[in-house]
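Summary of structural features
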Amino acid sequence: MAKRRSKNDIVDGFTTMKAAQRAVTSGKSPKTTTQKAGEASSKPKPEPARSPKTRIDHTTQPTRHNVECYECRYGFVITGLLKDTFCPKCKSALVATEYSLDKRWAGNIKTIGTVHITEKGVVGGGKIVAGNVILAGSIEGGKTQVIGRLEARAGGRFKPEVVDARDLIVRDDASLSFETEIRFRNIDVAGKLSASIVASGIVMIRSTGHLLGKVCGKHLVVENGAGLNATLDVA
Ligand SMILES: [Zn+2]
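Parameters and conventions
- Residues numbered from 1 in each chain as written.
- Predicted model: local features only at pLDDT ≥ 70, side-chain atom pairs only at ≥ 80, totals over all residues.
- Helix = DSSP H or I, 4+ residues; strand = E, 2+ residues; numbered from the N terminus.
- Buried ≥ 20, exposed ≤ 12 C-beta atoms within 10 Å, placed from the backbone.
- Contact = placed C-beta atoms within 7 Å.
- Pairing = 2+ DSSP bridges.
- pLDDT = per-residue confidence, 0-100.

Remarks on the overall build of the chain
- Broken down by element type, the chain carries two helices and 19 strands.
- Looking at the chain as a whole, 29% of its 235 residues are labelled buried.

Next comes the structure, spelled out in structure tokens:
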């Protein structure tokens, strides 16, 4: 691969990002420092060891799950444990079972929960509709529809033509490569991704991430230290 040529692209991408970040932070930083100094000097009582209010705020924060009905696509929120429920709109019974596929597999699954495809798991056929998919194995056939996130881990791979997911997460130990264009809403890259990508939401390249190929989208965020060897079409 043409590493030499693309190095220039990295530098260009970074200079722009850094310049943008500097512009944002320089406008904010003086305000916060003066505020802190003023607050500290005007506090007479050395009492704030017990602060029950903050404690309560922390412990009662329930987990929120953004759920989408797999029958009518209505989106709603479940707080606490993700469990079987009914769609508030179409009243369909929604199953929240978690699945773990650890061998060659073909069948039908419908869940608002998570489907784990382990290292030895291979989806060869059938139909999966899942809230989220965690992928350490492979998806080769059938049809997999992910309402939320498709999260690729080490060893995870899939054929884009049989997968339809809203968001793609490439974890830091994952390495994905595609010949054909891939489309998602948000793409979060902490590992390696080699592809021509189209994103309607945000493309995020983490400090550990490396993206090679082409980016076509609306928003691109590149963290400090990230690698980007790509043709950019971000508008
Ligand atoms: Zn529904």
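From this point, the narrative continues.
Looking at unusual backbone geometry
- Phi is positive for Arg-73, which is not a glycine, with a value near 70°.
- Summarising the element assignment, Arg-73 is placed in the loop between β1 (64-68) and β2 (75-79).
- Its identity is not glycine, yet Lys-91 carries a phi of approximately 65°, on the positive side.
- For Lys-91, the position within the fold is in the loop between β3 (85-86) and β4 (93-94).

So, the environment of Asp-84
- The residue Asp-84 is located in the loop between β2 and β3 in this model.
- Here Asp-84 falls in the exposed class, since 12 other C-beta atoms lie within 10 Å of it.
- In sequence terms Asp-84 and Ala-96 are 12 residues apart; their C-alpha atoms lie 4.8 Å from each other.
- The contacts of Asp-84, once residues within four sequence positions are left out, are Leu-94, Val-95 and Ala-96.

What about the pairing of strand β9 (residues 132-135)?
- Taking every second residue as pointing to the same face, both faces of β9 are buried, with Asn-132 and Ile-134 on one and Val-133 and Leu-135 on the other.
- Strand direction decides the pairing type here: strand β7 (residues 114-117) and β9, joined by four bridges, are parallel. Across the sheet, His-116 pairs through a bridge with Ile-134, a residue of β9.
- In the sheet, β9 pairs with strand β11 (residues 143-152) via three bridges, with the strands oriented parallel. Among the inter-strand pairings, Val-133 is bridged to a residue of β11, identified as Leu-150.

Topic: the environment of Leu-193
- Its place among the elements puts Leu-193 in strand β17 (residues 192-205).
- Leaving out residues up to four positions away in the same chain, Leu-193 has contacts with Val-170, Leu-176 and Leu-211.

Re the confidence of the model for the chain
- Taken residue by residue, the chain gives an average pLDDT of 83. The fraction at 70 or more is 74%.
- Here residues 1-54 is a poorly scored stretch, pLDDT under 50, and it has 11 contacts once near neighbours within four places are set aside; other chains count.

Comments concerning the environment of Ala-190
- Looking at the secondary structure, you find Ala-190 in the loop between β16 (186-189) and β17.
- C-beta crowding within 10 Å serves as the criterion here: with 20 such atoms nearby, Ala-190 is assigned to the buried category.
- Placed 15 residues apart in sequence, Ala-190 and Ile-205 show a C-alpha to C-alpha distance of 6.3 Å.
- Apart from residues no more than four positions distant in its own chain, Ala-190 is found in contact with Val-170, Arg-171, Asp-172, Arg-206, Thr-208 and Gly-209.

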